[in-house]
Structure formats: C-alpha cells, structure tokens
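Structural overview for review
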Amino acid sequence: PLWLNIVLILTITHYRIPHFYIMHRAMHPWKTTSIPDLGKFFYKQVHSLHHKSYNPTAFSGTSMHPIESTLYYTAAFIPVAFGLHPVYAIAIIMDCGVGAWLGHDGFQWPGNGDYFHLLHHAHFDCNYGAMHVPLDWLFGTFAGSKEEVKKIWE
C-alpha cells in the first residue's frame, strides 16, 4: 500500500542507524576480557583511518578504509532481506552518504553537525550511533560531555 511505502521512505534513517551502530561499535575496542577483543584489531587495522579526522569535516564522513566502507554500505541489504523494491536499497545508499557527510560537517546549524559525534571523534569511546535513534543511551555508550566519557568505562 502507498501509505506503507511513504512511511518506509520517510523512516529510512531510523532503520538504518541500528546497522550503523552495530558496525561502528564492533570496530572499536570492546573492553572485555571474556571474549577476544576483535574490536581492538578492527580499530587498529581498519577504523583508525576514519579517526585520523580529529576535527571532522564533511569529507571525513566517507573517508573510510575499503573494508569499513563495504560494511557501512551493506545497510542497503536491509530492504532486500524484507523483499522490498530495489529503490529502497538505493535510497539507503544515498542516506548513508548524505548522513555521513552531514554528521561530520562540523556545524550544528546550518547542517547536521552532530555535536555528540564530534565528541566521539575527540574521545573515541562514546557516541557510536546517532542522536535520533537513542541506541547509545540504551547501551550505555552515550556521553553528553567530556566528563561523561570517563564514567562510561568506570
């Protein structure tokens, strides 16, 4: 039905962000001793390239290692898993690119320069997702200030 298509298009970023959170969180140290810390390996070998942008710009958003970029854009398979029209996969690819650029643009307004993601680039161990889908808050990785970053890992 038309109404469902409209809802799905308007909420693309909301069902794409959980994929982003999982991929992004997996590429940072897991800080656990109960299982091997693959995140530490992925950070050193793959994701650290993206984090060379300590003071991000829009160009930093899609400045990624090829492995990270491949993982990032696999979000396009979400609609495929549900048998949706291929236009949804294309829309997710566009949302990934534009979202990455706006999320790193360095401006709160105009633009979308997410202050909380800027904290992530400055301190690395917080704010892995996006503010409009509160997964960081849900999983205890949200920090609203430099002081709160230390509290996450105490």
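Located above this text is the structure these notes cover.
Residues numbered from 1 in each chain as written. Predicted model: local features only at pLDDT ≥ 70, side-chain atom pairs only at ≥ 80, totals over all residues. Heavy atoms only, no water.

With respect to helix α8 (residues 115-123)
By the burial criterion, the buried members of α8 are His117, Leu119, His120 and His121. Where α8 is buried, its residues meet α2 (12-26), α7 (86-103) and α10 (146-152). Looking one or two residues beyond α8, the residue adopting positive phi is Phe124, at roughly 70 degrees. (Buried < 20%, exposed > 50% of the residue type's maximum accessible area, 1.4 Å probe, protein only. Helix = DSSP H or I, 4+ residues; strand = E, 2+ residues; numbered from the N terminus. Contact = heavy atoms within 4.5 Å.)

As for the packing of aromatic side chains
Counted under the stated rule, the structure contains 7 aromatic pairs. Between Phe20 and Tyr72, the ring centres sit 5.9 Å apart and the planes meet at 80 degrees, which makes this aromatic pair edge-to-face. Linking Phe20 in helix α2 with Tyr72 in helix α5 (residues 66-73), this pair joins segments that are 52 residues apart in sequence. The two residues Phe20 and Tyr72 agree in class, both being buried. Where Tyr72 meets Tyr73, the ring centres are 5.1 Å apart and the plane angle is 80 degrees; that geometry is what we call edge-to-face. Relative accessible area serves as the criterion here: at 7%, Tyr72 is assigned to the buried category. Note on Tyr73: relative accessible area 25%, which makes it partly exposed. Counting every residue linked through ring pairs, the aromatic cluster contains Phe20, Tyr72 and Tyr73. (Phe/Tyr/Trp six-rings, centres within 6.5 Å; stacked < 30°, edge-to-face > 60°.)

With respect to a nonpolar patch on the surface
Side chains of Leu2, Ile6, Ile9 and Leu10 sit close together on the surface and give an oily, nonpolar patch of about 420 Å² of accessible area. Here Leu10 is to be found in helix α1 (residues 2-10). The class of Leu10 is exposed, set by a relative accessible area of 66%. (Patch = residues over 30% accessible without salt bridge, like charges linked within 9 Å, V, L, I, M, F, W, Y side chains within 5 Å. Areas by Shrake-Rupley, 256 points an atom, 1.4 Å probe, with all protein chains shown as cover. Salt bridge = Lys/Arg side-chain N within 4 Å of Asp/Glu carboxyl O.)

Topic: the nonpolar core
Ile17, Tyr72, Ala75, Ile92 and Cys96 are the most contacted members of the largest nonpolar core, which totals 16 residues. The set of elements that each furnish at least two residues to this core consists of α2 and α7. The contacts of Cys96, once residues within four sequence positions are left out, are Arg16, Tyr72, Tyr73 and Ala75. One finds Cys126, Ala143, Val149 and Ile152 within the second-largest nonpolar core, a separate group that totals 5 residues. (Core = buried A, V, L, I, M, F, W, Y, C linked by side-chain atoms within 4.5 Å.)

Things to note about the pattern of salt bridges
By the definition in use, this model includes 2 salt bridges. Its salt-bridge partner being Asp95, residue Arg16 comes within 2.5 Å of it at the nearest N-O pair. You can see Arg16 sitting in helix α2 and its partner Asp95 sitting in helix α7, a full 79 residues away along the chain. Owing to a relative accessible area of 21%, Asp95 belongs among the partly exposed residues under this scheme. With a shortest N-O distance of 2.9 Å, Lys31 and Asp125 are connected by a salt bridge. Here the residue Lys31 occupies a position in the loop between α2 and α3 (38-45), and Asp125 occupies one in the loop between α8 and α9 (135-139), the gap between them amounting to 94 residues.

Let's talk about unusual backbone geometry
Backbone geometry at Lys31 places phi at a positive 55 degrees, although glycine is not the residue there. Note on Lys31: relative accessible area 44%, which makes it partly exposed. Positioned with a positive phi, Phe124 is a non-glycine residue whose angle comes to about 70 degrees. In this structure, Phe124 sits in the loop between α8 and α9.

Regarding the side chain of Asp125
On the basis of relative accessible area, Asp125 is assigned to the buried category, the value being 16%. Reaching out from Asp125, the side chain makes a polar contact with the side chain of Lys31 at a distance of 2.9 Å. What Asp125 contacts, discounting residues up to four positions off in sequence, is Lys31, Ile152 and Trp153. (Polar contact = N/O pair within 3.5 Å; in protein donor to acceptor, adjacent residues only side chain to side chain.)

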